[in-house]
Amino acid sequence: MEIRDLVKQYPGRGRPALDGVHLTVEKGEFIAILGLSGAGKSTLIRCINRLIEPTGGAILWQGENVLRKKGDGLRAYRRQIGMIFQNFHLIDRLSVFQNVLVGRFGVTPLWRVLLQRFREEDKRMAMQALERVGMADLHRVRADRLSGGQRQRVAIARALAQRPALILGDEPISSLDPATATAVMELLKSINQQEGITMVLNLHSVAVAKQYASRIIGLAGGKVVYDGTPQELDDSALSVIYPAQRQDAVETIRR
């Protein structure tokens, strides 16, 4: 994927949320995006899968500008991209298994979705995804009975059920306690390494980003101000990514 001069201007706001973002994502990378609230992290993630429509620029997926896609072409593109949200976005009244089947909606005729008559292949793929995240034994449990960590694992399974090439995460661990957040990051890293699925995640914690990511992107004011390895992310780079923070707060930022 190549993002070229991406701009997002929200109505009524003076400064663009994204102001000429340019970056390339290679297959198999594990990318963490860092930045203050309002830096453009969530907007960038949501522009990539077109939950938000950019104002300008281009997003090239396998050489094609996806901003020109509509209808079936847009749906085919979105099927290749899984999404994990901070607040899980599960349907509480449905079972774990039914929530994961939502990941098959993009390749399932509408009448089958409405009648809940999924193909056996879809059911098999959903159960495989649950097994991958360690939730198969709870497949009949309603989503509203799960803990936060369990809910995020189901959300990851839902993304895996799409058979995606890329998984996007919009603050996927910020609502979890530290131990659960670590377990979720370990799961995502293993999926990246074993299945070869590219990961692009917004994260708050610099320490978590440095531990798990193979590459870190820093955003400030809607612009890319850092693009490098975790090893290269020093205090000088942090002060550019977090310009509103005082120098004596760098240790706090790292956490």
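Residues numbered from 1 in each chain as written. Predicted model: local features only at pLDDT ≥ 70, side-chain atom pairs only at ≥ 80, totals over all residues. Heavy atoms only, no water.

Participant: Whenever I open this one, the overall build of the protein chain confuses me. Can you help?
Facilitator: On a plain count of helices and strands, the protein chain comes out with 10 helices and 10 strands. Per-residue burial for the protein chain yields a buried fraction of 50% across its 255 residues. A separation of at least 24 residues holds for 68% of the contacts in the protein chain among residues at least 6 apart in sequence. Carbon and sulfur atoms form 49% of the exposed surface of the protein chain, whose accessible area is close to 12100 Å². (Helix = DSSP H or I, 4+ residues; strand = E, 2+ residues; numbered from the N terminus. Buried < 20%, exposed > 50% of the residue type's maximum accessible area, 1.4 Å probe, protein only. Contact = heavy atoms within 4.5 Å. Areas by Shrake-Rupley, 256 points an atom, 1.4 Å probe, with all protein chains shown as cover.)

Participant: How do you make sense of the environment of Arg145 when you look at a structure like this?
Facilitator: Structurally, the position occupied by Arg145 is in the loop between helix 5 (120–132) and helix 6 (148–160). Distance in space between the C-alpha atoms of Arg145 and Asp92 is 8.2 Å, their sequence separation being 53 residues.

Participant: What should I look at first to understand the pattern of salt bridges in this one?
Facilitator: Once the charged atoms of two side chains with opposite charge are near each other, the side chains can pair. For the structure shown, the criterion picks out 13 salt bridges. Note that Glu53 and Arg50 form a salt bridge whose closest N and O atoms lie 3.0 Å from each other. Residues Arg132 and Glu195 are paired through a salt bridge, measuring 2.7 Å at the closest nitrogen-oxygen approach. A residue pair is termed long-range when its members are at least 10 positions apart, and Arg132 in helix 5 and Glu195 in helix 7 (residues 178–195) qualify at 63 residues. A relative accessible area of 40% places Glu195 in the partly exposed class. Because the salt bridges share partners, they merge into one network encompassing Glu29, Arg215 and Asp227. (Salt bridge = Lys/Arg side-chain N within 4 Å of Asp/Glu carboxyl O.)

Participant: Explain the sheet that holds strand 1 (residues 2–8) here, please?
Facilitator: The strands that make up a sheet are held in pairs by hydrogen bonds between backbone atoms, and each pair lies either parallel or antiparallel. Here four strands make up an open sheet; going across it, the order is 2-1-4-5 and the pairing antiparallel. Of all the strands in the sheet, just strand 2 (18–24) and strand 5 (64–65) have a single pairing partner and so form its edges. Bridge count between strand 1 and strand 2: five bridges; the pairing is antiparallel. Looking at strand 2, one finds that Val7 is bridged to Asp19. (Pairing = 2+ DSSP bridges.)

Participant: What is the right way to read the packing of aromatic side chains from this model?
Facilitator: Here a ring pair, both rings aromatic, is described through the centre-centre distance and the interplanar angle of the planes. Under the definition given, this model contains one aromatic pair. The interplanar angle of 70 degrees and the centroid separation of 5.8 Å between the aromatic rings of Trp61 and Tyr77 together place this pair among those described as edge-to-face. Of the two residues, Trp61 is situated in strand 4 (residues 56–61) and Tyr77 in helix 2 (residues 71–79); the sequence distance between them amounts to 16 residues. For Tyr77, a relative accessible area of 1% gives the class buried. (Phe/Tyr/Trp six-rings, centres within 6.5 Å; stacked < 30°, edge-to-face > 60°.)

Participant: Would you take a moment to explain helix 6 for this structure?
Facilitator: Given 3.6 residues per helical turn, the α-helix brings residues three or four places apart onto the same face. Its 13 residues place the ends of helix 6 18 Å apart at the C-alpha level, agreeing with the 18 Å of an ideal helix rising 1.5 Å per residue. Along helix 6, 10 of the 13 residues are buried, which leaves the element largely enclosed by surrounding structure. Those residues of helix 6 not exposed but buried are Gly149, Arg151, Gln152, Val154, Ala155, Ile156, Ala157, Arg158, Ala159 and Leu160. Taken together, the buried residues of helix 6 touch strand 6 (81–85), helix 3 (96–101), helix 5, strand 7 (166–170) and helix 7. (Expected span 1.5 Å × (residues − 1).)

Coordinates in, geometry out; function isn't part of it.
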